[in-house]
Amino acid sequence: MDQSSIQGTIFDIQRFSTHDGEGIRTNVFLKGCPLACVWCQNPEGIDPKIEPIWLPDKCIYCKACSDYAPAAISWDGDNLVINYAYQGDWSKIIEKCPTTALRFNAGKMTVLQLITELKKDEVFYKFGGGVTFSGGEPLIQIDFLELALIASKQRGWNTAIETALNVSWSSIERVLPYVDTLFADFKIFDNHEHMKHTFVSNNLIKENIGHLLTSEFKDKVIIRTPLIPIYTATKENISMIAKYISKIYPEVKYELLNYNPLAISKYPFTNLTYCFSDMNPTAYTNEEMLYFQNLALESGIRNLVKI
Amino acid sequence: MDDLIMTQRISKLKEKIHSNVRYASIEQAKIITDTYRANEDKPKIVQRALALKASLNRIEISIDPDELIVGNRTAGIRYGVVFPEGGTTWVDEEFEKLPTRAQDPFEVNQEDIIYFRENIKPYWETKSLEDVIQERYSNEINEISTVVKINQKDHAQGHICPDSKTWLAKGPQGLLEEAESYLENCPEEKKDFYKSVIITMEGAITFIERYADLANKLSNDSTIANTEERKISLIKIAENCQHISRKSPETFHEAVQLLWFLFVILQMESNASSFSPGRIDKFLYPYYKKDIDNGTITKQDALEIVESLWIKFNQIVYMRNSHSAKFFAGFPIGFNIALGGLDEKGNDFLNDISYLCLKAQEHLGMPQPNLSVRLHEKTSDEFIETAIKVVARGSGMPQFFNDKSVIPALREQGIEYVDALDYAIVGCVELTTQGNNLGWSDAAMFNLNKLLELTLTGGVDLLTSKKEKYIYSDQGDLATFSNFAELESAFAKNMDRYIGLMIKACEYVESAHIEILPTAFLSSVINPCLSEGIDVTAGGAKYNLSGIQMIQVANLADSLAAIKLLVFDEKKVSGAEFLEALKSNFQGYEPLRQMILNRVPKYGNDNDYVDNLGTRWAEYFKNRLSLYKNYRGGNYHTGMYTVSAHVPMGEVVGASPDGRFAKEPLADGGMSPMYGRDLEGPTAVLKSVSKLDKNLTSNGGLLNMKFLPKFFENEESIKRFVSFLRAFVELEIPHIQFNVVNRQDLIEAQKDPDRYRSLTIRVAGYTAYFTELATALQDEIIARTSYGEF
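1. Describing the overall build of chain B
Link 1 in the chain: What chain B contains, in helices and strands, is 31 helices and 18 strands.
Link 2 in the chain: Dimensions of chain B, computed from C-alpha atoms along their principal axes, come out at roughly 80 × 65 × 50 Å.
Link 3 in the chain: A buried classification covers 67% of the 790 residues belonging to chain B.
Link 4 in the chain: Relative to all contacts within chain B whose residues are 6 or more apart in sequence, the contacts with residues 24 or more apart total 79%.
Link 5 in the chain: When the 87 positive and 111 negative side-chain charges of chain B are each reduced to one mean point, those points stand 1 Å apart.

2. Here we look at the sheet that holds strand β12 (residues 253–257) of chain A
Residues and elements named next belong to chain A.
Link 1 in the chain: Taken in spatial order, the nine strands of this open sheet run β7-β1-β2-β8-β9-β10-β11-β12-β13, and their pairing is mixed. In this open sheet, the two edge strands, each paired with only one partner strand, are β7 (107–110) and β13 (303–305). Along the sheet, successive strands turn relative to each other by an average axial angle of 30°, direction set aside.
Link 2 in the chain: Direction of pairing for strand β10 (residues 181–185) relative to strand β11 (residues 221–226): parallel, over a ladder of four bridges. Looking across to β11, one finds that D185 is bridged to R224.

3. Things to note about the pairing of strand β15 (residues 735–740) of chain B
Residues and elements named next belong to chain B.
Link 1 in the chain: Across the six residues that make up β15, a large majority, six, are buried.
Link 2 in the chain: Side chains H735, Q737 and N739 project from β15 onto one buried face, and the interleaved I736, F738 and V740 project onto a second face that is buried too.
Link 3 in the chain: Pairing between strand β6 (residues 399–402) and β15: two bridges, direction antiparallel. Bridge pairing in β15 places F401 opposite H735.
Link 4 in the chain: Here strand β14 (residues 704–707) runs beside β15; their pairing, made up of four bridges, is parallel. Within β15, the position partnered with M705 by the bridge is F738.
Link 5 in the chain: Taken together, β14, helix α29 (residues 715–730) and β15 constitute a β-α-β crossover, and its handedness is right-handed.

4. What about the layout of surface pockets?
All names here are of chain B.
Link 1 in the chain: Empty space within the second largest pocket amounts to approximately 1,000 Å³.
Link 2 in the chain: Together, 50 residues line the second largest pocket, and K149, I150, K153, N321 and H323 are the ones closest to its centre.
Link 3 in the chain: At the level of secondary structure, the elements contributing two or more residues to the lining of the second largest pocket comprise α4 (89–94), α6 (129–143), β3 (148–150), α14 (322–327) and α27 (646–651).
Link 4 in the chain: Ranked by residue count, the leading element in the lining of the second largest pocket is α6, at seven residues.
Link 5 in the chain: Here the lining of the second largest pocket is composed, by residue class, of 18 nonpolar, 21 polar and 11 charged.

5. Observations concerning the interface of chain B and chain A
Link 1 in the chain: Of the residues lining the interface, 28 residues belong to chain B; the matching set on chain A comes to 26 residues.
Link 2 in the chain: Between chain B and chain A, roughly 2,300 Å² of surface is buried when both sides are summed, and carbon and sulfur atoms account for 61% of that area.
Link 3 in the chain: Counting across the interface, chain B meets chain A through two salt bridges.
Link 4 in the chain: The interface formed by chain B and chain A holds nine residue pairs in polar contact (both at pLDDT 80 or more) in total.

6. Observations regarding the environment of W90 of chain A
Link 1 in the chain: Its location among the elements puts W90 of chain A in helix α2 (residues 90–96).
Link 2 in the chain: C-alpha separation for the pair W90 of chain A and P52 of chain A, spaced 38 residues apart in sequence, amounts to 7.6 Å.

7. Here's the deal with the confidence of the model for chain B
Link 1 in the chain: Averaged over every residue, the pLDDT of chain B is 94; the share at 70 or more is 99%.
Link 2 in the chain: Among the scores for the predicted complex, ipTM is 0.93 and pTM is 0.94.

8. Brief notes about the nonpolar core
Link 1 in the chain: Ranked by internal contacts, the top residues of the largest apolar core, which has 216 residues, are F252, W310, F446, M502, F724 and F738 of chain B.
Link 2 in the chain: In this view, F252 of chain B contacts L284, Y287, Y288, D291, I297, A302, I305, V306 and I353 of chain B; residues no more than four positions away in its chain are not counted.
Link 3 in the chain: Formed by 76 residues, the second largest nonpolar core is a distinct cluster that contains W39, L118, L145 and A164 of chain A.

9. What to know about the pattern of salt bridges
Link 1 in the chain: Under the criterion given, the structure shown has 63 salt bridges over all chains.
Link 2 in the chain: For the salt bridge of R224 of chain A with E255 of chain A, the shortest nitrogen-to-oxygen distance reads 3.0 Å. Highlighted residues: R224 of chain A in strand β11 and E255 of chain A in strand β12, separated in sequence by 31 residues. For the pair R224 of chain A and E255 of chain A, one class covers both residues: buried.
Link 3 in the chain: In the salt-bridge network here, residues are joined through shared partners; they are R15 and D121 of chain A together with D606, D608, D611, K687 and K691 of chain B.

10. Quick look at the pairing of β12 of chain A
All names here are of chain A.
Link 1 in the chain: Sheet topology note: the β11/β12 ladder contains five bridges and is parallel. Bridge assignment links T225 to a residue of β12, and that residue is L256.
Link 2 in the chain: Read as a crossover between parallel neighbours, the route from β11 over helix α9 (residues 235–248) to β12 is right-handed.
Link 3 in the chain: Two strands pair when backbone bridges link them, and β12 and β13 are joined in this way by three bridges, in the parallel orientation. Note that in β13 the partner of Y254 across the bridge is L304.
Link 4 in the chain: Taken together, β12, helix α10 (residues 286–298) and β13 form a β-α-β motif whose crossover is right-handed.

Criteria and cut-off values
Residues numbered from 1 in each chain as written. Chains lettered and ligands numbered in written order. Predicted model: local features only at pLDDT ≥ 70, side-chain atom pairs only at ≥ 80, totals over all residues. Heavy atoms only, no water. Helix = DSSP H or I, 4+ residues; strand = E, 2+ residues; numbered from the N terminus. Buried < 20%, exposed > 50% of the residue type's maximum accessible area, 1.4 Å probe, protein only. Contact = heavy atoms within 4.5 Å. Lys, Arg positive; Asp, Glu negative; His and termini not counted. Charge placed at Lys NZ, Arg CZ, Asp CG, Glu CD. Pairing = 2+ DSSP bridges. Axes fitted to C-alpha atoms, helices over the stretch in contact; angles between N-to-C directions. Right-handed = clockwise from strand over helix to strand, strands pointing away. 1 Å grid on protein atoms, 1.4 Å probe; cavity = no way out; pocket = protein on both sides within 12 Å on 5 of 7 lines; lining within 4 Å. Points joined across faces, edges and corners; volume = space filled by probe spheres on them. Nonpolar A, V, L, I, M, F, W, Y, C, P; charged D, E, K, R; others polar. Buried area = accessible area lost by both parts, 1.4 Å probe. Salt bridge = Lys/Arg side-chain N within 4 Å of Asp/Glu carboxyl O. Polar contact = N/O pair within 3.5 Å; in protein donor to acceptor, adjacent residues only side chain to side chain. pLDDT = per-residue confidence, 0-100. Core = buried A, V, L, I, M, F, W, Y, C linked by side-chain atoms within 4.5 Å.

Following this line, the structure appears as structure tokens:
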């Protein structure tokens, strides 16, 4: 395949992103993920398909869409019903919507198009910023990702990726030379629990962590555990993970991410259910964060990453 | 600096500012009127000088026993001063309404109103600036007023940075002697000028001595000097004032005191908006250094003196007419101070005073002074971080200026390199050289969006249905333009005409200032007026610019992009239908309005399609303007800073093609995008703004951004913000400022103003108390986009 025609499926590009790497960054969210964590922060990024979606808050009910394509769009009272079986040109229908309430949940881009977009904030990358590829799982679009990373490095940008590591080691190996920081999630240590809440086994993930932390690139790696109440934020889980990774590489960098209760607001636009639909917990306080951080330190972590 | 504290004395003084009731005062108006009456035979410049001297000799003065720096133009704090030479008609019309008006109210005394109507107003009816301009030129000014607002019609020109360094070196006695020596050998026509300078300096000396006497008296009054601390400081004040009334200051304390007297006297002479001290870290430093080296003061002592000066800056407000108060809401008086920046050799300039000023701002968080920091590539991380930490506390200050943008832009206006390197800021964000410039900022505000409206309708005002006289009627309208180029050429032709008419009106106003408001005292601190014997209003300054504001490029760009894309490029809607939608204020056209809002690129999102339209028209305007010279022989140049005028300037514009409803505010700031339309985040905003060439804002540009406090919560975030500002420098954007506030706090403050009385907010290039702003402006500030929510 001609490299210039390789396209990525991207569901968001966020400028002025101030997490996930140093300085002011642009985050590229690649669509599709082999995991389906029940607390997923970007649930719209799990399914690799590009589909039309409808955002009721933006709709002015002008019916321009259903008037144009009644076979594709119908109404159930005030609810718009999308006929996913419709085989016509969806982009023509979406173009009719004046408010963009009806839109695609992602788009395709070539590497050149993406770099053109990323270049807009190049001046900010000069002063400690860069680009971060996130998802979904960026590594499942490995051909696109590799080219995008190479192009970014050619421009001298700092690069980071965020991965859950449930991909083949050969994919990871391909990007490592072009990545300044690799954020790798290790969510749940117990495999049974892992399968229950993410729907995949963590065997491959553990294996990849082993490879990473013994490779020449081990200092680029930051292992992360998102603190999700009940699911990951338990004494046993944090201690086990911390012991496991520090045993492989005592200088491993480890970060605990505070729970972000805002993710729940994304779920109405998907057909997924959030793990805390009824009683959404709040983020952990500084004291609580300190408790978890101490657990990690007591379990052998020497380089705790804090922001 | 971290261990420095705000003393009890300073907290007490700060508290008193809030507890004081603001009155409109006619005390100086009486003195001025009496003096003019007694000197009818004298030339205007002498009459004015005598009026200033009489005011300095007789105005009631007061000293608060907790003060370290003294002096005010009224005995009460934050009084509004009726100033008859500027204008009495608006005062006459609005006097009773002053206590109840929505913006900037003042209490009044009934007997003052009567005295004013019987004794003051009748004398000035044909003499004040306002009356003369009204009588001679009101037709010409009113005929273009839907598009152009001409300023400085009822008050003296401000926005000036005097030569404080010379003032401190020579003092009133030195300047008096200098004027005397020039007087001996000067040609006849310059004699009145020099005599007038001498008169005002005599007044200044007496004024300062009166404070020495009063402080002396109070120090011996045991009911006032009732603590040892008070007695000591009153004696100190007396000694300081006695010394500086006729000699140059020896100490830091004396220098700051003499500096403050300069600004009080300038206000008493002109009652103008904004005289700015400029780079005080530069010219006060030698006094500070000497005291520190001698061990006569500590940093803490110096900070208390700086903070005392900060308190004084907040004790003078400027009373405007109610119309003007809407444009400049919340008493901006513009004691602008510029910290840091490049020195005369192009190296980074910073010292203890720079840091002490930031510390004072951190402690006090009051609307004045208008604190500015000059940034450049060599500014240290430490200084930027310190400044950001002060910004994070929420007063919107310091604001940041960019040497990399400003210095070349000033050079392009013919300013010498050494002067450009030493630039300071006056008022809000207006750029100036120090001590040699009558910049005549904000001479007029040109409402580009109203002009576009009138071009699209063929000259019919959407709000009043009136036909506008000077819009060419043979160019068609949006329904008949066959392509975008036709629209642009009609717009250009109308713009050319209105610029020509505006220039005439500006000349009328300037000529009236020369005739009615010669300013001898001010001229003595603007070079080279004194050596040349030419008053500053008559062109005596080294630099004589006039600044015209473009209102607002953001909306203009968005509007033009909407028409270009939807009507001409994609043909989604006809010109006739679009025009109908505007005429009906989008009633019945919501899908079209939504299409405009969601489907057309908007300025502020780093999209060339729309950004280039804004740039193109701003440059057209600037180039057209540069064909003219002002009345003093200097350049017209452009600025993009609305102050709070985006609210009233929006009130007169009908529904606009950018999807804005009739009468809604325009974009705030001057370079800022329309609120709620910048969806790509702050870096995209900076990128869009950076496409406006720096030479478009040689009079000043203003970029407002709002961040949530949580963005600044840790060292990591502060570092990120440093890199944001480094990119700002790199992008050659002239100015940026930040409101750091939670939306919820503003909403609460609206509901419960008493609890939030000290909450300060960045309005435009200045900070005001949020609860002192009219509701419409408060609402607009709440609606501005916030960043930092993740």
